[in-house]
Amino acid sequence: MAELQEVQITEEKPLLPGQTPEVAKEAELAARILLDQGQTHSVETPYGSVTFTVYGTPKPKRPAILTYHDVGLNYKSCFKPLFQFADMQEIIQNFVRVHVDAPGMEEGAPVFPLGYQYPSLDQLADMIPCILQYLNFSTIIGVGVGAGAYVLSRYALTHPDTVEGLVLINIDPNAKGWMDWAAHKLTGLTSSIPEMILGHLFSQEELSGNSELIQKYRNIITHAPNLENIELYWNSYNNRRDLNFERGSDITLKCPVMLVVGDQAPHEDAVVECNSKLDPTQTSFLKMADSGGQPQLTQPGKLTEAFKYFLQGMGYMASSCMTRLSRSRTASLTSAASLDGNRSRSRTLSQSSESGHLPSGPPGHTMEVSC
């Protein structure tokens, strides 16, 4: 047996003076735990204080993933199943995340005093630059649901240079019309605020089925200690202005966009209409079967896979391995090859799943995906 030789190893990062290896290891472990748990911050803005939680550390030349939740939820109840999903870990290891809680929606938030003027959705969007300035982040990839999707879209319209991409789930870019207002008022006479919000979040089929998921979220919203705050956010959403998207005009989203909606979800028609108003060379449309009103809760695996493709299309995670969709049944894609939609073709997501690259074709196009 060859004799063991003594090898001298020089530390690349020497310990601080007076610091023992045991103390250094404890400090490193504490730092890792802190990153895993997230660091919560609050920053003052012209429209009040906003709270957000940061996970991970900034990566060179990569944007932050910034999320914004829907009415009746906070960042945990809206996004936790998605970002804790096993296949999502490959993504979150490559990006720092910023989860924004709308004012008064964070855990333990005090109830706003009577008569408090809650920010409009436009003003919520105007809070985001304060967050990015505080963190010294220059660009983001936004992931928003419902009201949060609207907020991120409004922000992208006013700060296009800071938004590299958007994933918009259940977006309704239109202001409420008179018929909508009448229906909303009539519903308010017979339904409580929690029931109206549940009808906004989930399909009637889901609510009638009263699954374990529905029971969980009905309990969360009905017994929320900050229900008064939730109602204020709900009112701001119902008073939103029209985003006035128009294909070919200056009022449109300049970055790559992935629109997501569940099959038979409450906002299916609104998302389809939004898709028709955005630049088809920059927009992907994902309609998810069997996902109900909240795809990020019910189908985190499929949404994660679509998100990986979206990031690959933006030039990130080129070596990522797509496995879930290649194991599942073939998904059908119909892509518009021209603005007038005269030509179409179909492809399968699994064609390039094994190699981990996007299906071949033009870098930007409108896609409708059912999976």
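Right above here is the structure, for reference.
Residues numbered from 1 in each chain as written. Predicted model: local features only at pLDDT ≥ 70, side-chain atom pairs only at ≥ 80, totals over all residues. Heavy atoms only, no water.

(A) Spotlight on the nonpolar core. The biggest cluster of nonpolar side chains holds 90 residues, and the ones touching the most others in it are Val98, Leu166, Tyr233, Leu259 and Phe307. Residue contributions to this core peak at 8 residues, all from helix H4 (residues 121-135). Contact partners of leucine 166, with chain neighbours within four places excluded, come to Gly142, Leu152, Ser153, Ala156, Leu253, Cys255, Pro256, Val257, Met258 and Phe310. (Core = buried A, V, L, I, M, F, W, Y, C linked by side-chain atoms within 4.5 Å. Buried < 20%, exposed > 50% of the residue type's maximum accessible area, 1.4 Å probe, protein only. Helix = DSSP H or I, 4+ residues; strand = E, 2+ residues; numbered from the N terminus. Contact = heavy atoms within 4.5 Å.)

(B) Examining unusual backbone geometry more closely. Unusually for a residue other than glycine, lysine 61 sits at a positive phi of about 60°. One non-glycine residue, asparagine 210, adopts positive backbone phi at about 50°. On the basis of relative accessibility, which here comes to 32%, the residue asparagine 210 falls in the partly exposed class.

(C) Summary view of the packing of aromatic side chains. With the rule as written, the count across this model stands at 10 aromatic pairs. A ring pair is formed by phenylalanine 112 and tyrosine 116, whose centres lie 4.1 Å apart and whose planes are at 10°; its orientation type is stacked. Between the aromatic rings of tyrosine 118 and tyrosine 233, the centroid separation amounts to 6.2 Å while the plane-to-plane angle is 40°, which identifies the pairing as tilted. Taken together, the residues span a long stretch of sequence, with tyrosine 118 in the loop between strand E4 (97-101) and H4 and tyrosine 233 in helix H10 (residues 227-238) at a distance of 115 residues. The pair tyrosine 118 / tyrosine 233 is uniform in exposure class, with both members buried. Among the aromatic side chains, those forming a connected cluster through ring pairs are Phe112, Tyr116, Tyr118 and Tyr233. Positioned above the aromatic ring of phenylalanine 95, the side-chain terminus of arginine 62 is 5.2 Å from the ring centre. The ring of tyrosine 237 is capped by arginine 240, whose NZ or CZ atom sits 4.2 Å from the centre of that ring. (Phe/Tyr/Trp six-rings, centres within 6.5 Å; stacked < 30°, edge-to-face > 60°. Lys NZ or Arg CZ within 6 Å of the ring centre and 35° of its normal.)

(D) Broad picture of the packing of helix H7 (residues 193-201) against H10. Contact geometry of H7 with H10 gives a least axis separation of 11 Å together with a crossing angle of 50°. By the angle between their directions, the pair H7 and H10 is classed as oblique. Judged by the sense of rotation from one axis to the other, the crossing of H7 with H10 is left-handed. Here H7 contributes Ile193, Pro194, Met196, Ile197 and His200 to the contact with H10, which in turn contributes Leu227, Ile230, Glu231, Trp234 and Tyr237. For the contact of H7 with H10, the per-class residue count stands at 8 nonpolar, 1 polar and 1 charged. (Axes fitted to C-alpha atoms, helices over the stretch in contact; angles between N-to-C directions. Parallel < 35°, antiparallel > 145°, perpendicular 65-115°, else oblique. Left-handed = near helix turned anticlockwise from the far one by under 90°. Nonpolar A, V, L, I, M, F, W, Y, C, P; charged D, E, K, R; others polar.)

(E) Structural detail: the packing of H4 against helix H5 (residues 147-158). Across the interface, H4 lies against H5 with an axial gap of 8 Å and an inter-helix angle of 65°. Accordingly, the angle class assigned to the pair H4 and H5 is roughly perpendicular. Judged by the sense of rotation from one axis to the other, the crossing of H4 with H5 is right-handed. Here H4 contributes Leu121, Asp122, Leu124, Ala125, Ile128, Pro129 and Leu132 to the contact with H5, which in turn contributes Ala147, Tyr150, Val151, Leu152, Arg154 and Tyr155.

(F) Local environment of the pattern of salt bridges. On inspection of all chains with the given rule, the structure shows 8 salt bridges. With a closest N to O distance of 2.6 Å, aspartate 122 and arginine 241 form a salt bridge. Taken together, the positions of aspartate 122 in helix H4 and arginine 241 in the loop between H10 and strand E7 (257-262) put the pair 119 residues apart, joining distant regions of the chain. For arginine 240, the salt bridge identified is with aspartate 172, shortest N-O distance 3.0 Å. Of this pair, arginine 240 sits in the loop between H10 and E7 while aspartate 172 sits in the loop between strand E6 (163-169) and helix H6 (178-190); the two residues are 68 residues apart in sequence, bridging distant segments of the chain. By relative accessible area, which is 15% here, aspartate 172 ends up buried. Sharing partners across several salt bridges, the network here consists of Asp122, Arg154 and Arg241. (Salt bridge = Lys/Arg side-chain N within 4 Å of Asp/Glu carboxyl O.)

(G) Representation of the pairing of strand E1 (residues 39-45) in the model. As judged from the 7 bridges shared by E1 and strand E2 (residues 48-55), these two strands associate in the antiparallel manner. Within E2, the position partnered with threonine 45 by the bridge is glycine 48. Between E1 and E2, which pair antiparallel and follow one another directly, the connecting turn spans 2 residues. (Pairing = 2+ DSSP bridges.)

(H) Main features of the pairing of strand E8 (residues 283-288). With 6 of its 6 residues buried, E8 lies for the most part within the structure. The pairing of E7 with E8 spans 6 bridges and is parallel. Its bridge partner lying in E8, methionine 258 is registered against serine 284. With helix H11 (residues 268-277) bridging E7 and the parallel E8, this β-α-β connection has right-handed handedness. (Right-handed = clockwise from strand over helix to strand, strands pointing away.)

(I) Layout of H5. Taking 1.5 Å per residue, 12 residues should reach 16 Å; H5 reaches 17 Å between its end C-alpha atoms and fits that length. Each element contacted by the buried residues of H5 is listed here: strand E3 (64-68), H4, strand E5 (140-145), E6 and H10. (Expected span 1.5 Å × (residues − 1).)

(J) How the structure looks around the environment of valine 96. Here valine 96 lies in the loop between helix H3 (89-92) and E4. The exposure class of valine 96 is buried, given its relative accessible area of 2%. Along the chain, valine 96 and tyrosine 55 lie 41 residues apart, while their C-alpha atoms are 5.9 Å from each other. Excluding residues within four positions of it along the chain, valine 96 makes contact with Val54, Tyr55, Gly56, Thr57, Pro58, Ala64, Ile65 and Phe137.

Keep in mind these numbers describe shape, not what the thing actually does.
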